[in-house]
Amino acid sequence: MYFTSNTVAFLDGEFVPAEQATCGVYAQSLHYGYAVFEGIRSYNTPNGAQIFKAEEHYERLHYSCKSVGLPLEYSVEELTRISYEVLERNNLTDAYIRPLVYAATPNMSLKVATTSNVLIAVWEWGKYLGDQLLRLSVSPYQRPNPKAVPIEAKVSGHYVNSIIASSEAKGRGYDEALLLDMNGYVAEGPGANFFFERNGELFTAPAGSILRGITRNTIIDLAREAGITVHEQFFTPDELRTASAAFMTGTAAEVIGVASVDDVTFDTPFQQTIGGMLASHYHALVTGQTATRAASFAKQQ
Ligand code: PMP
């Protein structure tokens, strides 16, 4: 459930009952998918609620706004402070935070907006793709051509691609889709980045046709800190036949193992893979227990 009658949301400068945070049907954003958003998590840590990488997320929100010409009147610091206040007003520490910048003005033109609206909503959300290893299938849908849309921006309209790809894979009995880019290289999932492992090294798609996930960056940093080589390079789905393991990363999904991609299966128990170790290291980091976990993780390598 995203909200109840007690939920408070931030909307255009005020903290309002979530039930009253509505948008008219003539809004330019609704008609054209012309909005940008973020997906952020807060964790209960020994120091109370801590929003993981708030600055990076709100900088990306600013970047997304700029990419599509939506004005954003709030600074990274203001957006962070407001997010903490929304969490507090809803009595939440472990929560998902959804900022949305949109154009509510009735406007059917194809011009960039001159004003924008800002919503920050919070709710409790379990791991978006669940806890079980994922059975992926290469999607017949490609990621959008980066020459058609600013693919590194988190634009609402881009998620039509995600919805249809994910639904199509689920319709064929898989857990999630894996999308290729316009050249046939593996890009990412509908809402998460993809990594595979080979000979103790990690491989993930380079910037270009993906959303450069903040979790992806965190995992790359954690891996390199642990002395694991990470390659950001193009690869085809066929190359996955040489992989020993794979996993996906995202703020909502966190770090989740992959059991198979179509007929390619990964048999090593996830806990014994690099992804499995990075998943527990990631958990230790976001929940503020890094020091001890980092040390034991380093020893295992
Ligand atoms: N790719 C796509 C298409 C996504 O929607 C997301 C989720 N924001 C990600 C990757 C992962 O990004 P992040 O780690 O910043 O949540």
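Residue indices begin from 1 for each chain and proceed along its sequence in written order. pLDDT decides what is reported in this predicted model: residues at 70 or higher carry local features, side-chain atom pairs at 80 or more are listed and counted, and totals for whole chains, interfaces and linings draw on all residues regardless. Note: side-chain values were computed over all heavy atoms of the structure, leaving out hydrogens and water.

Per an unreviewed UniProt entry, the protein chain goes by Branched-chain-amino-acid aminotransferase and derives from Hymenobacter mucosus. UniProt positions are given in the numbering used here, feature names are shortened, and annotations may be inferred rather than shown by experiment. Looking at the Cofactor (unreviewed entry) heading of the UniProt record, one finds this comment for the protein chain: "pyridoxal 5'-phosphate". Checking UniProt for the protein chain, the heading Function (unreviewed entry) contains the comment "Acts on leucine, isoleucine and valine."

Topic: the site of the ligand
Whether a residue is near a molecule or strand is decided by its heavy atoms; if any one of them lies within 4 Å of it, the residue is near. Close to the ligand lie 17 residues; K154, Y159, E188, T215 and T251 are nearest. As used in this structure description, the phrase polar contact means that two N or O atoms lie within 3.5 Å; if the pair is within protein, one of them must be able to donate a hydrogen and the other to accept it, and residues adjacent in sequence are counted only when both atoms belong to side chains. K154 places a side-chain nitrogen or oxygen 2.7 Å from a nitrogen atom of the ligand. Taking I214, its main chain carries an N or O atom lying 2.7 Å from an oxygen atom of the ligand. Residue exposure ignores everything except the shown protein chains as possible cover, and the areas themselves are Shrake-Rupley values with a 1.4 Å probe. When the ligand sits alone it has 380 Å² of accessible area, and the protein chains cover 96% of it. Runs of H or I in DSSP of at least four residues are treated as helices and runs of E of at least two as strands, each being numbered from the N terminus. Listing elements by their share of the shell around the ligand, those giving two or more residues are α5 (214–225) and β14 (245–250).

Structural notes on the nonpolar core
Note on terminology: a nonpolar core comprises buried Ala, Val, Leu, Ile, Met, Phe, Trp, Tyr and Cys residues joined through side-chain atoms within 4.5 Å. Relative accessibility thresholds used throughout: buried, under 20% of the residue-type maximum; exposed, over 50%; partly exposed, between the two (1.4 Å probe, protein chains only). Judged by nonpolar contacts, the single largest core of 29 residues is most densely connected at L70 and I120. Within the residue set of this core, elements represented by two or more residues are α2 (54–68), α3 (76–89), β6 (95–102) and β7 (117–123). We call two residues in contact whenever any of their non-hydrogen atoms come within 4.5 Å of each other. Dropping the residues within four chain positions of it, I120 is found in contact with A9, F10, Y58, L79, I82, S83, V86, I97, R98 and P99. Counting 21 residues, the second-largest nonpolar core is a separate cluster that includes F235, L240, A253 and V258.

Looking at the packing of aromatic side chains
Any aromatic ring pair is given by two values, namely how distant the centres are and how the planes are angled relative to each other. The pairing test for Phe, Tyr and Trp rings, Trp by its six-membered ring, is centres within 6.5 Å, and the orientation test on the planes gives stacked under 30 degrees, edge-to-face over 60, and tilted for anything in between. A complete count under the given rule lists 14 aromatic pairs for this structure. Considering the side-chain rings of F37 and Y159, the 4.9 Å spacing of their centres and the 65° angle between planes classify their relative orientation as edge-to-face. You can see F37 sitting in strand β3 (residues 35–37) and its partner Y159 sitting in helix α4 (residues 159–171), a full 122 residues away along the chain. Residue classification places F37 among the buried residues on the basis of a relative accessible area of 8%. Measuring from centroid to centroid gives 6.3 Å for F194 and F235, while their planes differ by 35°, and the two rings are tilted. Highlighted residues: F194 in strand β11 (residues 193–198) and F235 in the loop between β13 (230–232) and β14, separated in sequence by 41 residues. For F194, a relative accessible area of 0% puts it in the buried group.

Details of the domain arrangement of the protein chain
Taken domain by domain, the protein chain consists of domain 1 (8–123) and domain 2 (134–300). Domain delimitation in this document rests on an assignment produced automatically or drawn from a domain database. Of note, the centres of domain 1 and domain 2, computed from C-alpha atoms alone, are 26 Å apart. Contacts between domain 1 and domain 2 engage 23 residues on the former and 21 residues on the latter. What counts as buried area is the accessible surface, traced by a 1.4 Å probe, that two parts surrender upon association, with contributions from both included. Summed over both partners, the interface of domain 1 with domain 2 comes to about 1800 Å²; 62% of that surface belongs to carbon and sulfur atoms. We count a salt bridge whenever a side-chain nitrogen from Lys or Arg sits within 4 Å of a carboxyl oxygen from Asp or Glu. Summed over the shared surface of domain 1 and domain 2, the number is one salt bridge. Residues E254 and R41 are paired through a salt bridge, measuring 3.8 Å at the closest nitrogen-oxygen approach. For the pair domain 1 and domain 2, the interface holds eight residue pairs in polar contact (both at pLDDT 80 or more). Secondary-structure elements contributing two or more residues to the side of domain 1 that touches domain 2 are β3, β4 (40–45), α2 and β6. With seven residues, α2 is the single largest residue contributor to the side of domain 1 that touches domain 2.

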